Amino acid sequence: MKDQRNMESSESQDEVDFGFPPLPVVDKDKHLQCYSSVLTRAENDVLSMEELDHLQPELEMLLSAAVLRQQNLQSQIDVLSHPQDDLSQDRPWMQKKRKLNDNRVSKSMKDLLKARDNASKMSSISSSENETDNSADAVPEATSPKSNTGKLALPKNDTSNKFWASIDSYCSNITEDNIKELEQLISCCDNDMAGVKIPPVGRHYTERWAEQELAQERNLNSGRHLSNSSDSDTVSLLKKASNMCHDRSPGPLVQRLVSALLEEPTRDSFPQKISDDSENSIFLGKIPLYHTTACFERRIRRELEAAGYLDSKNKDEDDEILVEIKKCEEELKAVASLNKEHLCRLLGQAKEEMERQKVRSIMREVDEKIISIYKKAVTPKLKKKQLREKKRRQAWKLLKEREALLSRLATL
Amino acid sequence: MPFTEEQAAAQVQDRLISIASTVHDYETQRLKTEQQVETIQKAHDKINQEGRLTPYNQQKLMSLYMASINDAAAEEETLRNMLIKIREIREICNERRLQVRSIGNRESFHRGAMMLMLQTSAQTLPLYVGKPNTKPPPLCGAIPPDPNYIAKPGDMVAAFVKKTESPTQEDNWMLAEVVLYNVISKKYEVDDIDEEQQNCRFVLSRSRIVPLPLMRANPETDPDALFPPGTLVMALYPTTTCFYKAIVNQPPLSCLDDYEVVFEDNSCANGYSIPYNVAQRYGGRVEKPKNEISRKEYIYLVTCEKTLRQIKTSSDYGELLVSKH
């Protein structure tokens, strides 16, 4: 009887409840009689005082409706622009509606079911993503219905479900899959620790780098007077480099070896002959043909090492890239060994936990049995009947079993 | 500045004409609003049928809402202006009345006319429609006045008159009008509203005066400024000019409604009168039920308890109310 306002919006919602606000409008025919009568007269007609008394409440009604409309629309705008937040407490008409309409309750129940469906879907998706068995959904399952039924009218409130779904993978039971995964990770670590096989330096690097090094050296030496003509400089350097390769000037090791094999040339026994160019070229021509001096150098080193003349340890002639690779390898090995250590510890713990889980599951079964026996025992007690001896013994046995399991758990 | 009778009449006349013309102007605004609301409602229905809110629809709704809010704000301003004018008219009339009275001419009504006048004055008490996030001012609805508040001459108050002073020979809270407040003696001079009584001028201390609300509270925008159900109040008993203890059964639901109250009544079996149904006031000029209580005639529970010692706790009343329904 007090419904003066046109509450169409709240009544016509039969499909889905979006909670649109009622937009109060004053019905002119019903409630604005004096207002209408004023309208029918000329604009400059004077109102009577009695008319004024009637007009005032009508205007007040219009004002109230206008203000209420503004408020409702503003809060609806807020809701639309922040759809994630649950602003139902900011929407007074929602609460009113729930109070007024009984069938709203069934609607909100539907919403509730929908929300719960979504939540369970979501949790299953997330758990399949994490590749974990969702047999351990016990935690979210137990909490979500409680929180939902507690607040009946909050269909949007699935934050708790989201939270539990995200946390689930961290506190669920350990499965065989987890252990397999751990073992896989450990074998990965082993691979890392085995280290990387470094192949010998290829032709490209031996040739090109040697040329570049030589060029650099030359550059340093001749840089003082040839610094301005860089283009011709590189060309000439390259030429010289190729010449160097061609005339196969021996590396330091070769020179040392050769000089060691030769008798110490004194001024007397060796006249200017040795220093002769032709002599020298004949001598060097006998050195086996390797594609570069560097290769030859390496070969000599290997031979010397095999023979035991050279200590294999002082190989400080590695180029900087190899040094860097080796450094990285060392680091990798260190990290891998640390990882392996952690993973092994984790694996051990996981296996222990598996054992505990087994015991716990047995215990749960025992618990259930005990509870069922208790339930059976309570009903006759109410009727003041004695418990049968067989049952009693069974109960004791179960209790003892449980105790044993508990102590086993403690020792594990 | 006091007006002469002609000036006052001219002032009132001006405002009456301006109100009438504003009403005509306002009609276009109102029609536009009606249309707009219809459009929005159609959009709502459509979305409800589709069962989902697409981004396009959301955008559309937002723009509709914004337009509607702007128009409603314009509407609000027009309406407020009109209501301010109406208030000014009433103030002019009241001033004029006080002036006449100070000269010594007392308007005399017969009892029925006086009751009617009380009703209209209660109905036409301005309605406070709060803007969002504003608190209703003191003396609006159930909001108590400032402790140091002094009622102005011409304001309605509830005045406690003792047996010895009273013409009816009993302690009474009666409806009275302030004549003046003496700052030195800190006492009010009030007139009993019921002028048929012989001795109608009283000099009373401040503690025995409770100012009545100056504005009505709007249940739709400021429900907090109303007495909640179960509150023990003093209410003007129907067809009398005296206040009696009563319990709020139901506060008004719209700005046109009154409170629904039950009075303490020893002649009834449970000690309380039946709760009175309140008819809509402007449903068609129905003869007012004799027990209808106007909101204006309410005074505050706290003050009552201070003066009248034998009041039960409100929870007792609450229980009684519950058992009755």
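What you are looking at is a predicted structure, and each value in this text was computed from that prediction instead of being measured.

**Quick word on the overall build of chain A**
In terms of regular secondary structure, chain A is built from 16 helices and 0 strands. For chain A, contacts bridging at least 24 residues in sequence account for 71% of all contacts bridging at least 6. Per element, the accessible surface of chain A, about 28,400 Å² overall, is 54% carbon and sulfur.

**Remarks on the overall build of chain B**
Looking only at helices and strands, chain B features 5 helices and 10 strands. For chain B, the proportion of its 325 residues judged to be buried stands at 48%. Of the contacts made within chain B by residues no fewer than 6 positions apart, 63% connect residues no fewer than 24 positions apart. Carbon and sulfur atoms make up 55% of the accessible area of chain B, which totals about 16,500 Å².

**Quick word on the packing of helix α3 (residues 33-40) of chain A against helix α4 (residues 49-81) of chain A**
All names here are of chain A. Relative to each other, α3 and α4 sit at 110°, their axes nearing to 8 Å. Relative to α4, the element α3 lies roughly perpendicular. As for the relative orientation of α3 and α4, their crossing is left-handed in sense. In this structure, α3 uses Gln 33, Cys 34, Tyr 35 and Ser 37 to contact α4, whose residues at the interface are Glu 51, His 54, Leu 55, Glu 58, Leu 59 and Leu 62. Here the residues of the contact of α3 with α4 are counted per class, giving 5 nonpolar, 3 polar and 2 charged.

**Quick notes on the interface of chain B and chain A**
Residue-level contacts link 66 residues of chain B with 55 residues of chain A. Carbon and sulfur atoms supply 67% of the area buried between chain B and chain A, which totals about 5,700 Å² over both sides. Here chain B is connected to chain A by 3 salt bridges. The salt bridge partner of B:Glu75 is A:Arg69, with a shortest N-O separation of 2.9 Å. The tally of links between chain B and chain A comes to 12 residue pairs in polar contact (both at pLDDT 80 or more).

**Let's talk about the pairing of strand β8 (residues 232-236) of chain B**
All names here are of chain B. With 5 of its 5 residues buried, β8 lies for the most part within the structure. Burial of β8 is two-sided: the residues Leu 232, Met 234 and Leu 236 facing one way and the residues Val 233 and Ala 235 facing the other way are all buried. As judged from the 5 bridges shared by β8 and strand β9 (residues 242-250), these two strands associate in the antiparallel manner. Pairing of Leu 232 across the sheet is with Ile 247, part of β9. Linking two consecutive strands that pair antiparallel, namely β8 and β9, is a turn of 5 residues; a positive phi of about 60° is found at Thr 239 within it.

**Some points on the pattern of salt bridges**
Under the criterion given, the structure shown has 20 salt bridges over all chains. Two residues, A:Arg41 and A:Glu51, come together in a salt bridge whose shortest N-O distance is 2.4 Å. Within this pair, whereas A:Arg41 is found in the loop between α3 and α4, its partner A:Glu51 is found in helix α4, the two being separated by 10 residues in sequence. Of the residues examined, A:Glu51 reaches a relative accessible area of 16% and is grouped as buried. The residue B:Arg30 makes a salt bridge to B:Glu27 at a minimum N-O spacing of 3.2 Å.

**Points about unusual backbone geometry**
All names here are of chain B. One non-glycine residue, Lys 186, lies in positive phi territory at about 55°. Structurally, the position occupied by Lys 186 is in the loop between β3 (172-182) and β4 (187-192). With relative accessibility at 54%, the residue Lys 186 sits in the exposed group.

**Brief notes about the packing of aromatic side chains**
Tallied over the full model, the rule gives 3 aromatic pairs over all chains. Arranged with centres 5.0 Å apart and planes meeting at 65°, the rings of A:Phe163 and A:Trp164 form a pair that is edge-to-face.

**What about the nonpolar core?**
Counting residues in each nonpolar core, the largest one holds 32 residues, and the members touching the most others are A:Tyr35, A:Leu47, A:Leu55, A:Leu59, A:Leu62, B:Ile19 and B:Val23. Those elements that provide at least two residues to this core are α3 and α4 of chain A together with α1 (5-50) and α2 (55-103) of chain B. For this core, the leading source of residues is α4(A), giving 8 residues. When near neighbours in sequence (up to four residues on either side) are disregarded, B:Ile19 contacts A:Leu47, A:Leu52, A:Leu55, B:Met82, B:Lys85, B:Ile86 and B:Ile89.

**So, the side chain of A:Gln357**
All names here are of chain A. Tracing the sequence through the fold places Gln 357 in helix α15 (residues 320-382). Exposure remark for Gln 357: the relative accessible area of 14% places this residue in the buried category. In this structure, Gln 357 is in contact with Asn 173 and Ile 174, ignoring residues within four places of it in sequence.

**Brief notes about helix α12 (residues 252-261) of chain A**
All names here are of chain A. Residues of α12 that are buried include every one of Leu 253, Val 254 and Val 258, and no others. Across the axial projection of α12, the buried residues extend over an arc of 130°, all falling on one side. Those residues of α12 that are exposed and aimed more than 90 degrees away from the buried face are Pro 252, Arg 256 and Ala 260.

**Let's talk about the confidence of the model for chain B**
Residue and element names in this part refer to chain B. A residue-level look at chain B finds 76% of positions with pLDDT of 70 or above and a mean pLDDT of 72. Note that residues 276-325 has pLDDT below 50 and, in this model, 134 contacts with residues that lie over four places away or in other chains. Complex prediction metrics read pTM 0.49 and ipTM 0.76.

**As for the confidence of the model for chain A**
All names here are of chain A. Taken as a whole, chain A shows an average pLDDT of 68; of its residues, 58% reach a score of 70 or greater. Element-level pLDDT for chain A is lowest in helix α1 (residues 8-11), with a mean of 38, against a maximum mean of 87 in α15. In this model residues 1-16 is a low-confidence stretch, pLDDT under 50, and it forms 43 contacts with partners more than four residues away in sequence or in other chains. Here residues 95-117 is a poorly scored stretch, pLDDT under 50, and it has 26 contacts once near neighbours within four places are set aside; other chains count.

**Structural notes on a nonpolar patch on the surface**
Together, A:Ile198, A:Ile321 and A:Ile325 line one region of the surface with nonpolar side chains, adding up to about 220 Å² of accessible area. Looking at the secondary structure, you find A:Ile198 in the loop between α9 (176-194) and α10 (203-226).

**Brief notes about the packing of α4(A) against α2(B)**
It is the contact of α4(A) with α2(B), at a shortest axis distance of 8 Å, that shows an interaxial angle of 150°. By the angle class used here, α4(A) and α2(B) are roughly antiparallel. In this structure, α4(A) crosses over α2(B), and the sense of that crossing is left-handed. Each residue belonging to the contact of α4(A) with α2(B) can be placed in one class, and the counts come to 23 nonpolar, 7 polar and 7 charged.

**A few points about the state of the cysteines**
Residues and elements named next belong to chain A. Considering all chains together, one arrives at 0 disulfides over all chains under this definition. Left unpaired, Cys 189 is separated from the closest cysteine sulfur, that of Cys 188, by 7.0 Å. Cys 189 gets classed as buried once you look at its relative accessible area, which sits at 6%.

**Section: the side chain of B:Glu75**
Among the secondary structure elements, B:Glu75 is positioned in helix α2. Here B:Thr33 takes part through its side chain, which lies 2.5 Å from a polar atom of the side chain of B:Glu75.

**Comments concerning the environment of B:Gln58**
Checked against the element boundaries, B:Gln58 lands in helix α2. Sequence separation of B:Gln58 and B:Ile47 is 11 residues, and the distance between their C-alpha atoms is 9.5 Å. Discounting residues that sit within four places of it in the chain, B:Gln58 has contacts with A:Leu80 and B:Leu53.

What counts as what
- Residues numbered from 1 in each chain as written.
- Chains lettered and ligands numbered in written order.
- Predicted model: local features only at pLDDT ≥ 70, side-chain atom pairs only at ≥ 80, totals over all residues.
- Heavy atoms only, no water.
- Helix = DSSP H or I, 4+ residues; strand = E, 2+ residues; numbered from the N terminus.
- Contact = heavy atoms within 4.5 Å.
- Areas by Shrake-Rupley, 256 points an atom, 1.4 Å probe, with all protein chains shown as cover.
- Buried < 20%, exposed > 50% of the residue type's maximum accessible area, 1.4 Å probe, protein only.
- Axes fitted to C-alpha atoms, helices over the stretch in contact; angles between N-to-C directions.
- Parallel < 35°, antiparallel > 145°, perpendicular 65-115°, else oblique.
- Left-handed = near helix turned anticlockwise from the far one by under 90°.
- Nonpolar A, V, L, I, M, F, W, Y, C, P; charged D, E, K, R; others polar.
- Buried area = accessible area lost by both parts, 1.4 Å probe.
- Salt bridge = Lys/Arg side-chain N within 4 Å of Asp/Glu carboxyl O.
- Polar contact = N/O pair within 3.5 Å; in protein donor to acceptor, adjacent residues only side chain to side chain.
- Pairing = 2+ DSSP bridges.
- Phe/Tyr/Trp six-rings, centres within 6.5 Å; stacked < 30°, edge-to-face > 60°.
- Core = buried A, V, L, I, M, F, W, Y, C linked by side-chain atoms within 4.5 Å.
- Arc of directions from axis to C-beta.
- pLDDT = per-residue confidence, 0-100.
- Patch = residues over 30% accessible without salt bridge, like charges linked within 9 Å, V, L, I, M, F, W, Y side chains within 5 Å.
- Disulfide = S-S within 2.5 Å.

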